[in-house]
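# Residue-level structure breakdown
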Amino acid sequence: MQPVKYGGAVAAIVQAYNARPENEKVAAYWSADAVTPVRKVIKDHYIADQQQLCCYCRHQLETNNNAVWDGEHIIARETKPQFLFEPLNLSVSCKDCNVPKGTKNVLKNKDRKTFPIKSTDYIIVHPHFDEYDDHILWFGPVVAAASSDSDKGSTTIELCDLTRYGKRCGNLKGEVFDQRFRNRIGELLMSRDQGDATEVLAELALQIKKLPEKK
Ligand SMILES: [Zn+2]
């Protein structure tokens, strides 16, 4: 993903904010009228760069309409207003991912003062620093965490409520999407040979058996 670049009048607004003393950097400034042109540059850039895909659920909103998209602060602006215009802290997301994510912590070290620029600094899949497909897999509306060295997939699924698509369409209850299933489906996809896959499938079948029968 390409970080947004600021030019002209927009760059001046960003620079003026960044030059403020730390205690005068406030999250609410994002919504100020003076910031409208900055928000537009940011949203237009990431909507195009992400090809109209939400950075967390990867579902497409087929519109460039700024009002439909949320300008997403990966580290919530309420918790770290000093990163309000940091290009690497910005993306666009759908509202249904952004609302559950809210102001939840996404950092390994939430007390950190400088801007974290490494994938390993984050506990979620980072739109700039991670490859989405390494961590999260979609099977139609069903989501699974890919087997990987980190729990980023599972944490993102939880924080952004990504199981909502599957729940909606299958009219299913929570159990189907519990942690064991997510991990197993991830393992299934990463199986190196038929033996591995058969083993995972057998475990999945066992877990399915434990679920209540369909009413
Ligand atoms: Zn989304």
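As shown above, the structure is provided for reference.
Read on for a plain summary of the structure.

About the thresholds
Residues numbered from 1 in each chain as written. Predicted model: local features only at pLDDT ≥ 70, side-chain atom pairs only at ≥ 80, totals over all residues. Heavy atoms only, no water. Donors = N, O, S within 2.8 Å, 3.2 Å for Na, K, Ca; no water. Tetrahedral: all angles 85-135°; square planar, octahedral: opposite > 155°, others 65-115°. Helix = DSSP H or I, 4+ residues; strand = E, 2+ residues; numbered from the N terminus. Salt bridge = Lys/Arg side-chain N within 4 Å of Asp/Glu carboxyl O. Buried < 20%, exposed > 50% of the residue type's maximum accessible area, 1.4 Å probe, protein only. Contact = heavy atoms within 4.5 Å.

### Quick word on the coordination of the zinc ion
Tetrahedral metal sites with four donors have an ideal angle of 109.5 degrees; octahedral sites with six donors have ideal angles of 90 or 180 degrees. Note on the zinc ion: its protein donors are Cys54 (SG), Cys57 (SG), Cys94 (SG) and Cys97 (SG). The metal-donor distances range over 2.3 to 2.4 Å. Around the zinc ion sit four donor atoms; with metal-centred angles ranging over 104 to 114°, the donor geometry is tetrahedral. Here the donor residues of the zinc ion are spaced in sequence according to C-x2-C-x36-C-x2-C. Of the two residues, Cys57 sits in the loop between helix H2 (36-49) and strand E1 (70-73) while Cys97 sits in helix H3 (residues 95-101), which places them 40 residues apart along the sequence.

### Re the pattern of salt bridges
In this structure the tally under the stated criterion is eight salt bridges. Across the pair Glu22 and Lys25 runs a salt bridge, and its minimum N-O distance is 2.9 Å. Assessed through its relative accessible area of 52%, Glu22 is described here as exposed. Among the residues examined, Lys25 registers a relative accessible area of 9% and is labelled buried. Put simply, Lys152 and Asp130 hold a salt bridge, and the shortest N to O gap is 2.7 Å. One end of the pair, Lys152, is in helix H4 (residues 152-159); the other, Asp130, is in the loop between H3 and strand E3 (136-139), with 22 residues separating them in the sequence.

### Considerations on the environment of Asn89
As for its placement among the helices and strands, Asn89 is situated in the loop between E1 and strand E2 (90-93). Each C-alpha atom, one on Asn89 and one on Leu204, is 37 Å from the other, the two residues being 115 residues apart in sequence. Those residues within four positions of Asn89 in sequence are excluded, and the remaining contacts are Glu72, His73, Ile74, Ile75, Phe83 and Phe115.

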